[in-house]
Amino acid sequence: MAVAAAGVILFPVAASAANVPVDVDRAALGALVAAELAEQEGDARRALAEWERLAVLVPDLPDLQENMMYQALAAGDYVSAERYAASLWKSGNVLIDARVVLLTAAIKKQDWKSADQLTVEALDDPQKREWERMFAPILRGWIAVGRKDRAGVVAAMPKDRNIVHPSMRAHEGLMLLALGDKRGAAEVAAALRPSDRISQLAAAQLVIELRAAKLVDEAESLRLRVPIMDPAAHDPSQMLPERRVRTAAAGVASWFAPMAASFSRVADMPSPFGETLARSAVELAPEHMGARLTLAEDLRSLSRFQDALRVLTVKGPVPPLMHLVRAEVLLEMGDERAAMQAADLAVASPNVGRDLLVRHTDFVRKLGDPAKSDQALSRLLANLTATGDEPQLEALILVALADLRLKNQPWDDVYPLVERAVALAPNDASVLNFAGYSAIERRKDLNQSLKMIAKAAELEPTNASIIDSLGWAYHLLGQHEEAVPLLEQAWRGQSGNAVIGEHLGDAYWIVGRRFEARNMWRAADFLADADMRGRLEAKLRDGLTAETAAP
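Reading the values: rules and limits
- Residues numbered from 1 in each chain as written.
- Predicted model: local features only at pLDDT ≥ 70, side-chain atom pairs only at ≥ 80, totals over all residues.
- Heavy atoms only, no water.
- Helix = DSSP H or I, 4+ residues; strand = E, 2+ residues; numbered from the N terminus.
- Buried < 20%, exposed > 50% of the residue type's maximum accessible area, 1.4 Å probe, protein only.
- Contact = heavy atoms within 4.5 Å.
- Areas by Shrake-Rupley, 256 points an atom, 1.4 Å probe, with all protein chains shown as cover.
- Lys, Arg positive; Asp, Glu negative; His and termini not counted.
- Charge placed at Lys NZ, Arg CZ, Asp CG, Glu CD.
- Expected span 1.5 Å × (residues − 1).
- Core = buried A, V, L, I, M, F, W, Y, C linked by side-chain atoms within 4.5 Å.
- Salt bridge = Lys/Arg side-chain N within 4 Å of Asp/Glu carboxyl O.
- Phe/Tyr/Trp six-rings, centres within 6.5 Å; stacked < 30°, edge-to-face > 60°.
- 1 Å grid on protein atoms, 1.4 Å probe; cavity = no way out; pocket = protein on both sides within 12 Å on 5 of 7 lines; lining within 4 Å.
- Points joined across faces, edges and corners; volume = space filled by probe spheres on them.
- Nonpolar A, V, L, I, M, F, W, Y, C, P; charged D, E, K, R; others polar.
- Axes fitted to C-alpha atoms, helices over the stretch in contact; angles between N-to-C directions.
- Parallel < 35°, antiparallel > 145°, perpendicular 65-115°, else oblique.
- Left-handed = near helix turned anticlockwise from the far one by under 90°.

Draft legend 1. Region of the structure containing the overall build of the chain. Regarding its fold elements, the chain presents 30 helices and zero strands. Along the first, second and third principal axes, the C-alpha atoms of the chain reach 85 × 70 × 45 Å. Counting only residues that meet the buried cut, the chain has 52% of its 551 residues in that class. The contacts of the chain with a sequence gap of at least 6 include a subset with a gap of at least 24, amounting to 56%. For the chain, the accessible surface area stands at approximately 25,500 Å², while carbon and sulfur atoms represent 52% of it. Side-chain charges in the chain split into 63 positive and 75 negative, and the spacing between the mean points of these groups amounts to 5 Å.

Draft legend 2. Region of the structure containing helix α15 (residues 273-284). Here α15 spans 16 Å end to end across 12 residues, near enough to the 16 Å set by a 1.5 Å rise per residue. In terms of residue burial, α15 counts as a mostly covered element, since 11 of its 12 residues are buried. Phe 273, Gly 274, Glu 275, Thr 276, Leu 277, Ala 278, Arg 279, Ser 280, Ala 281, Val 282 and Leu 284 are the residues of α15 that are buried. Those residues of α15 that are buried are in contact with α3 (64-74), α4 (78-90), α5 (96-108), α14 (248-264), α16 (289-301) and α17 (305-311).

Draft legend 3. Representation of unusual backbone geometry within the structure. Positive phi, close to 60 degrees, is recorded for Gln 110, a residue that is not glycine. In this fold, Gln 110 is placed in the loop between α5 and α6 (112-120). In the Ramachandran plot, Lys 214 falls in the positive-phi region, its phi being about 70 degrees despite a non-glycine side chain. Mapped onto the secondary structure, Lys 214 falls in the loop between α12 (197-212) and α13 (216-223).

Draft legend 4. Quick look at the nonpolar core. Counting residues in each nonpolar core, the largest one holds 191 residues, and the members touching the most others are Trp 51, Leu 54, Met 69, Phe 135, Leu 222, Phe 256 and Leu 277. With 11 residues, α14 is the single largest residue contributor to this core. With sequence-adjacent residues up to four places away left out, Leu 222 is seen in contact with Ala 189, Leu 192, Ala 203, Leu 206, Val 207 and Leu 210.

Draft legend 5. Broad picture of the pattern of salt bridges. Tallied over the entire structure, the rule returns 37 salt bridges. Arg 46 is the partner of Asp 43 in a salt bridge, and the nearest nitrogen-oxygen pair spans 3.3 Å. Given the relative accessible area of 30%, Asp 43 is considered partly exposed. For Arg 46, a relative accessible area of 32% puts it in the partly exposed group.

Draft legend 6. Structural context of the packing of aromatic side chains. In total, this model carries three aromatic pairs according to the counting rule given. With a centroid separation of 5.3 Å and 40 degrees between ring planes, the pair formed by Trp 411 and Tyr 415 is classed as tilted. Residue Trp 411 and its partner Tyr 415 are both found in helix α23 (residues 411-424); the two are separated by four residues, about one turn of the helix. Under the relative-accessibility criterion, Trp 411 is labelled buried at 9%.

Draft legend 7. Spatial organisation of the layout of surface pockets. Its volume calculated, the largest pocket comes out at about 990 Å³. Around the largest pocket, the lining is made up of 37 residues, and of these Arg 197, Leu 201, Ser 237, Leu 240 and Gly 290 lie nearest the centre. When residues of the lining of the largest pocket are traced back to their parent elements, those giving at least two are α10 (166-178), α12, α14, α16 and α18 (320-332). In terms of residue count, α16 provides more of the lining of the largest pocket than any other element does, eight residues in total. Residue classes in the lining of the largest pocket are distributed as 18 nonpolar, 11 polar and eight charged.

Draft legend 8. Structural context of the packing of helix α27 (residues 480-493) against helix α28 (residues 498-510). Axis separation between α27 and α28 bottoms out at 9 Å; the angle between their running directions is 150 degrees. It follows that α27 is roughly antiparallel to α28 by the angle criterion. The chirality of how α27 crosses α28 is left-handed. In this structure, α27 uses His 480, Val 484, Leu 487, Glu 488, Ala 490 and Trp 491 to contact α28, whose residues at the interface are Ile 500, Gly 501, His 503, Leu 504, Ala 507, Tyr 508 and Ile 510. Residues of the contact of α27 with α28, tallied by class, amount to nine nonpolar, three polar and one charged.

As far as function goes, none of this settles anything; it's purely spatial.
This is the structure:
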């Protein structure tokens, strides 16, 4: 019925027009059906046009204004959304989405009196508690910034500073800086201890503003307390260009954007509140790339790909991350050529940051083009090797590159990559397992490979893939009594893995448990791909031979 951000009902559900019993004539019924179909197809603009046509025919249809407001927001028509929100408000429907739309419009017009009134209008009790806790203090504070009222900023914050969420404290620092109060902002920054992602994003913005205000030491001290600003965190927020927050509109947008991402992740939300917040953030600050990305991801999750592409289209220079997200949307639409072109734009600069290279590499590998994957992995590897500051990541990229090249290059040519990976991450179970198993597959240095896999198994004793590798190594070395129990353990841990099933079947055959061997091969055959299936069917027919043994 309604979604709860903290265990209470927060948003009322807009009834679907298809469920509203109403006696309408043929034209109205046609508009109603057309609107519903357009919504289902994700065509918000056409849906809005049909709802507006219906409004002319049946102006008293229940929930009509509400549906039109949501469709206007979905269509990116904020002017119409404001009109329908005002109609809802006038009728006494204090829907929280409508409140946000009207507040956004008032702040954009610098109508501080109306904006202030919208933060204090009566709400149902559960909504009021959540509104007062999550939104009202920061909105009132930024409205006070718009009025250049420092006392209003202080008054907006809850009286008991010990229970104030760190995100609110960070925004208080931003508000004080916007009003030129460096000392007050520095005191806030010194006491700030960001915890969750929303407070970290606000604190990261405060770091930017402290630097701009020449409060360098205060900025650096705070930066060290913001985990997402650690380069090793590879946080997407740090892949966007820095922006300033010096106005009420920019401040509110900086609050709405992370809140939008948070609400969009809530399951079964009855109103598109996350989208409302993201649309409002973009309306207030069109240059807020974080808000645009949040909105694009929201639309993408709803398969509204064209709407997502429109949101990602900006005037002026396009941040590289926007190109890459655009590529990801295009790939989901099935346009691989356009997706690859957009991805190439994301890394066109010779000075691309590592975080973007990592995400670009992941994207290219999804396309399944070996040459482009090799190129992307090699470029990322060169970046990592140049600094040597992330040996773990470098080792994993070496493994990925080796795995790719082993498909068409000799072991001896690729082995130096594997050797480097092990040297960089001698205690990484996945690296050790890859190094040992890839050598065993090719019957290379079995004893040394066994030692590496045994160490990997010590590091991750419940990892079925690693236990399978260890059992298979023993099998290839002829130590079958050690091999079988390990392969059985691996199968129990991952009984849907065809490779493990085939290994166990082969081991059973060698120790004379042939009935069980055939049962395992049958199970593996059910799970196997086409290449493996031919080998398994030959074993089921003729038993294990040198030609049909698992690689």
